[in-house]
Every structure is written in structure tokens, then in C-alpha cells.
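# Summary of structural features
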Amino acid sequence: MLASSPHLRLLRAVCLATTLALVACAEPSPDAALADYVQRLERTLGHAAPAATPDTLPRLPHRSELKLTLESGNLGTLDFLALTGCAVQVTIGKRNSSLGLMASASQRLLLELEFLQLAPDCIDYQRSQGEDALADLLASAHAQKQRQLPALIFNATLGGPEYRSLWRPPANLGPYPANTSSEPLTALANINASVRRWLAGDYHADNMAFEIQLSEVALGDGGALLRALALQQGWLTAGNAVLAAQRAEGPLCRGALRPAAADTLSTVIEKFFVGEVQPWSADLGRRQHDLLPLLQELEQLVASALPPAYRNWRGRRDASLSRWAAAPRQHVEALQAALEPCGGAGGRTG
């Protein structure tokens, strides 16, 4: 039938992609308001702004630098058939199978959590049957997996593909952060809650829920947040340069002499900075406040397992965030300094 034709489905997909691309192009970009504001500062004060060049975003290290290699221990050679009567027998069989050996980091974590949950009963059972050697083998494996748990969690989360996708910056910010949702935040919070339980010794896991949460994390906006904050810092730094060039010529107002530029500057600040730039900046700050603590909490929970490459990247990320977050305040201070000889801006800039 025509309705099921692969050519028709392909045509529909192409049309949909084209439509979405056109919509994306039509979306307002955050730098439009910033660019307009800085251009108005230029015209008002008669000084050209330098190019608004955002800082380079800190890039995650290569996947190979983030993958933690863990010792397999004795479970790989354990004859799981000897564990008849234990529920953990099935878990070890899955783990040692060809599919288990090729499992993703998230699936590997879930298998090890299942082992950690089921092994104690089997250890007790084997001792009750006089199988002390087998019980000791299982107890050793259990202790090893407990020690490895932070690293297993890191591989499945912060070092995994979904969290990597979260930090990938978009090609176009569009109306960010107005186009965000709460789903990635909820997923991050739920993963953190699970990790706290696992590290505290409660190894129960909802496998399907965890995989769904990871897929929702992949849709998160860490990369968009970094790009937007860097963009804001770049434009406001350019605006600061315009204000600095004006101040280098001397006070904007001298005594009773108040040039028209002072009133124009007050209007530009009130209408285009306070009215247009600051609302977007405030939304950006709220998103940063909502998103980053959730990511930093997980980093703290598995801090002992973070590889050096991740620690170095986190240091660069946090240093950049600190610098970028200061940009609005620094710009407000530059505006206040410019208008102080004129008796203030006559409007709100804080």
C-alpha cells in the first residue's frame, strides 16, 4: 500500500526534518538581545566594542581516558553450577556469559548490584552445607565488588555515553533555557538517590527505570548551559570595553554639565539591559542552580573513583563557570562606575 511505502516514509521524514530546521532557524537566539544591547552602548558612547569572543568550552576527555578498568577477580573462573540452591547462581551465569562479558557499563553495574544483593544469602547457605571454601570464594568476590562499586557507578554514569551527551554543546542555542524541561533534572535526582542507597549497602535496583533515567539524562543541557554562559560573558566583556573606553576619556558628566549621552545611556540600560538581557540572564542562572548541583552531587558520591582526566576536566569546567557567572555582576559594576558622576543610572541594574 502507498501509505506503507518506504519512499513515502522517507519523504515525510525529510519534510519533517526540513520543517524542524526552519523552525529552529526562526527561533530567537540569546545573543540577538546581547548584540543589540552592546551595539546601542557603542552608538551612545561613541566607542567601538571589540569582537564578542566567547571562551572555548572545556571539552570532556576522550572516552578511553574515562573508562575505568576493573579487576575481574575470581567470579570469571567460578563454576556457577556448584552454586545449586542459590539465587545468585543465575546472576553469575549471566555475568560470565558472552553477552555478560560484552555488556554495557550500565548493564554491568546492574549485574554487579544483583550479585551484591544475592551473594550474602548464598554465602550463608554454603557454610550451612559445609562448603566453606566456596563460601570464602564468594565472600572474597562480594568484598571486591563492594570496593569496586564507586568505579562501577562512575563507568555507568559520569563516564558513560549518556552523561557525555548531556555535556555536548548544541550547534544552536535557540531560545535556551526556555526550551528546557524538568525530565533530565528528575532523572539526575533519581539516579543520585539510587547511588546513595547502593553505596550505603542497599543494592536493590529497578533495571528498567535506571536505563530510562540514563536516556533522559542524555537529553540534558549541560553543554547548552556552558555555551550560553560563555556567550553571555563574551558579550558583556565587549560591553565592558566600551564603558572602559568612555571612562578613559574622563567622567561622562562634569559638574553640572550632563551630556545627552548620559540620559541615552540610562535609557539603554533600563530598556535593553534590565528589560531584555537581565531576564534571560536570570533564567540562565536559575537553570545553572537547578542542574549543576545534581551533577556535582554525583561527582562527590563517587569522588574516590574519579579518574585523573575527569578531575582535570572538572577543574577547568568549574573555573570557567566561576568566571562566567561573575560576568553580569562585573558588567553592572562597570555601568554604575560610568554613570556615578551623573548621579546614577536612574534605573535598576542589580
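Residues numbered from 1 in each chain as written. Predicted model: local features only at pLDDT ≥ 70, side-chain atom pairs only at ≥ 80, totals over all residues. Heavy atoms only, no water.

### Some details on the overall build of the protein
Counting secondary structure elements, the protein contains 14 helices and 0 strands. In the protein, buried positions account for 44% of the 350 residues. Looking at the protein alone, contacts between residues at least 24 apart form 81% of all its contacts between residues at least 6 apart. As displayed, the protein has an accessible area near 17,500 Å², and 57% of this comes from carbon and sulfur atoms. (Helix = DSSP H or I, 4+ residues; strand = E, 2+ residues; numbered from the N terminus. Buried < 20%, exposed > 50% of the residue type's maximum accessible area, 1.4 Å probe, protein only. Contact = heavy atoms within 4.5 Å. Areas by Shrake-Rupley, 256 points an atom, 1.4 Å probe, with all protein chains shown as cover.)

### What about the layout of surface pockets?
Size it by volume and the largest pocket reaches roughly 700 Å³. Lining of the largest pocket is provided by 31 residues; of these, Lys67, Ala103, Ala105, Arg108 and Asn155 occupy positions nearest its centre. Where the lining of the largest pocket is concerned, the elements lending two or more residues are helix 3 (63-66), helix 4 (88-96), helix 6 (105-128), helix 7 (132-156) and helix 8 (161-166). When residues in the lining of the largest pocket are grouped by element, the largest group, 5 residues, is from helix 7. Classifying every residue of the lining of the largest pocket by side-chain character gives 11 nonpolar, 10 polar and 10 charged. (1 Å grid on protein atoms, 1.4 Å probe; cavity = no way out; pocket = protein on both sides within 12 Å on 5 of 7 lines; lining within 4 Å. Points joined across faces, edges and corners; volume = space filled by probe spheres on them. Nonpolar A, V, L, I, M, F, W, Y, C, P; charged D, E, K, R; others polar.)

### Things to note about the state of the cysteines
Applying the stated criterion to the full structure yields 2 disulfides. A sulfur-sulfur distance of 2.1 Å marks the disulfide that ties Cys86 to Cys122. Between Cys86 and Cys122, the S-S torsion sits near 85°, and that sign places the bridge as right-handed. Remark: Cys122 occurs in helix 6 and Cys86 occurs in the loop between helix 3 and helix 4; sequence separation between them is 36 residues. Residue Cys86 is classed as buried on the basis of its relative accessible area, which comes to 8%. (Disulfide = S-S within 2.5 Å.)

### Let's talk about the pattern of salt bridges
Following the criterion strictly, the structure yields 16 salt bridges and no others. We note a salt bridge from Asp36 to Arg40, for which the minimum N-O separation is 3.1 Å. Note that Asp36 and Arg40 are positioned in helix 2 (residues 30-45) at a spacing of 4 residues, about one turn of the helix. Residue class for Asp36 comes out partly exposed when judged on its relative accessible area of 21%. Here Arg329 ties to Glu333 by a salt bridge, and the two come within 3.4 Å at their closest N and O atoms. On the criterion of helical spacing, the pair formed by Arg329 and Glu333 is a turn pair, its members being 4 residues apart in helix 14 (residues 327-339). Connected through salt bridges with shared partners, the residues Arg95, Arg108, Glu112 and Lys145 form a single ionic network. (Salt bridge = Lys/Arg side-chain N within 4 Å of Asp/Glu carboxyl O.)

### Structural notes on helix 9 (residues 183-199)
Counting along an α-helix, one turn takes 3.6 residues, and residues three or four places apart therefore face a common direction. Between the first and last C-alpha of helix 9 there are 24 Å, a value that for 17 residues agrees with the 24 Å anticipated at 1.5 Å per step. Every buried residue of helix 9 is listed here: Pro184, Leu185, Ala187, Leu188, Ile191, Asn192, Ser194, Val195 and Trp198. Against helix 6, helix 7, helix 8, helix 10 (207-217) and helix 12 (260-301) lie the buried residues of helix 9. Phi for Gly201, located one or two positions after helix 9, is positive at around 105°. (Expected span 1.5 Å × (residues − 1).)

### Some words on the packing of aromatic side chains
Inspection of the entire model under this criterion finds 5 aromatic pairs. Their ring planes at 75° and their centres at 5.6 Å tell us that Trp198 and Phe210 sit as a pair that is edge-to-face. Placement of Trp198 in helix 9 and of Phe210 in helix 10 is noted, with a sequence separation of 12 residues between them. What makes Trp198 buried here is its relative accessible area of 2%. Taken together, the ring pairs connect Phe154, Trp167, Tyr310 and Trp313 into an aromatic cluster. (Phe/Tyr/Trp six-rings, centres within 6.5 Å; stacked < 30°, edge-to-face > 60°.)

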